[in-house]
Amino acid sequence: MKPRTAATTTREYSTTDLAFTMGLIAGESSFFITFSRDDRYRHDVYYGPKFAISMGEKEQELLENQCQLYGLGTVNTTMKGHQWVISSRAECRELIELIDQYLEQNPSTEFPNSAKHNAYENWRSALELLRPGRQLTADEVVELAELRDEINYIGASNSIPTEEIKALVRAAEIEPNV
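Remember, it's a predicted structure, so these values are computed and weren't measured experimentally. (Residues numbered from 1 in each chain as written. Predicted model: local features only at pLDDT ≥ 70, side-chain atom pairs only at ≥ 80, totals over all residues. Heavy atoms only, no water.)

## Things to note about empty space enclosed by the protein
How we decide: A cavity, in this analysis, means grid points on a 1 Å lattice covering only the protein atoms where a 1.4 Å probe fits yet has no way out; a pocket is instead an open set bounded by protein on both sides within 12 Å along at least five of seven lines, and a residue lines either one if it has an atom within 4 Å of a point. Grid points are joined across faces, edges and corners, and a volume is the space filled by probe spheres set on the points. Helix and strand assignments follow DSSP, with helices taken as H or I runs no shorter than four residues and strands as E runs no shorter than two, numbered in order from the N terminus. Note on residue categories: nonpolar means Ala, Val, Leu, Ile, Met, Phe, Trp, Tyr, Cys or Pro, charged means Asp, Glu, Lys or Arg, and polar means any other residue, Gly included.
If you walk through the whole model with that rule in mind, you get 2 cavities of 30 Å³ or more. Of the volumes computed, that of the second largest cavity is approximately 40 Å³. The wall of the second largest cavity is formed by Leu18, Thr21, Met22, Ile25, Leu95, Leu98 and Ile99. For the lining of the second largest cavity, the elements supplying multiple residues, two or more each, are helix H2 (15–28) and helix H4 (89–105). The element best represented in the lining of the second largest cavity is H2, accounting for 4 residues. Taken together, the residues that form the lining of the second largest cavity break down as 6 nonpolar, 1 polar and no charged.

## Examining the confidence of the model for the protein chain
Our working rule: One confidence number per residue, pLDDT, is output by the predictor and ranges from 0 to 100. We call two residues contacting when some pair of their heavy atoms lies within 4.5 Å.
Per-residue pLDDT for the protein chain has a mean of 88; in total, 89% of the residues score no lower than 70. Here residues 1–9 scores under 50 on pLDDT; set against residues more than four positions off or in separate chains, the count is 13 contacts.

## A look at the layout of surface pockets
In this structure, the second largest pocket occupies an estimated 190 Å³ of space. The element contributing the most residues to the lining of the second largest pocket is strand E2 (residues 45–56), with 3 residues. Tallied by class, the residues present in the lining of the second largest pocket amount to 7 nonpolar, 2 polar and 4 charged.

## Describing the packing of aromatic side chains
Between two aromatic rings, the relevant description is the distance of the centres plus the angle of the planes. Where we set the bar: Note on ring pairs: Phe, Tyr and Trp rings are taken, using the six-membered ring of Trp, and paired if centres are within 6.5 Å. Classes follow the plane angle, with under 30 degrees stacked, over 60 edge-to-face and the rest tilted. A 1.4 Å probe rolled over the protein chains alone gives each residue an accessible area, and that area as a share of the maximum for its type sets the label: buried under 20%, exposed over 50%, partly exposed in between.
A full pass over the atoms with the stated rule returns 8 aromatic pairs. For the ring pair Phe31 and Phe51, a centre distance of 5.5 Å and an interplane angle of 50 degrees mean the geometry is tilted. With Phe31 in strand E1 (residues 29–37) and Phe51 in strand E2, the pair connects residues that are 20 residues apart, well separated along the chain. Of the two residues examined, Phe31 and Phe51, each falls in the buried class. Ring centres 5.7 Å apart and planes at 55 degrees place the aromatic pair Phe31 and Tyr120 in the tilted group. Of this pair, Phe31 sits in strand E1 while Tyr120 sits in helix H5 (residues 115–129), and the two are 89 residues apart along the sequence. As far as the burial class goes, Phe31 and Tyr120 line up, both buried.

## Remarks on unusual backbone geometry
One non-glycine residue, His43, adopts positive backbone phi at about 70 degrees. When you line up the elements, His43 lands in the loop between E1 and E2. With relative accessibility at 7%, the residue His43 sits in the buried group. The phi dihedral of Asp44 is positive, around 65 degrees, even though this residue is not glycine. By the element assignment, Asp44 lies in the loop between E1 and E2. The buried category is assigned to Asp44, whose relative accessible area is 18%.

The structure is reproduced here in structure tokens:
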């Protein structure tokens, strides 16, 4: 995998490439904020962003081309096909730059009128909280969990409920890790 450089984020992409990618994002993508219980972290939870486009088994090449075009994420094989996944905070920020660049250059696009755009805006807000060098306060972790609920309107069966995250964060405040 090639190292990420500032050039990655300032590269110009063709309008056709960006439009195609935006169509995939609008139609096939999911934005996530994931949480897991982990007492090695402040507030006893680990959290992070995730973006994914899942497609059938015949679409591996298409997803790999997207991954290679932007130099973001990986393509994984799933039980139902393949998934382009971006989960590093830095790469998620690069994806935000790409989406924002497209929206700025194409103000008449329909994406802002979609439910997916609302998920994107909440995910974007979550990534603002997850800026490099920041340690979230207990209230910000709760805010992140609430943003997750707005993004992931269909909860995963293994998801930690927001109320449980609130309880973990509050308990960690009372009994900090030593």
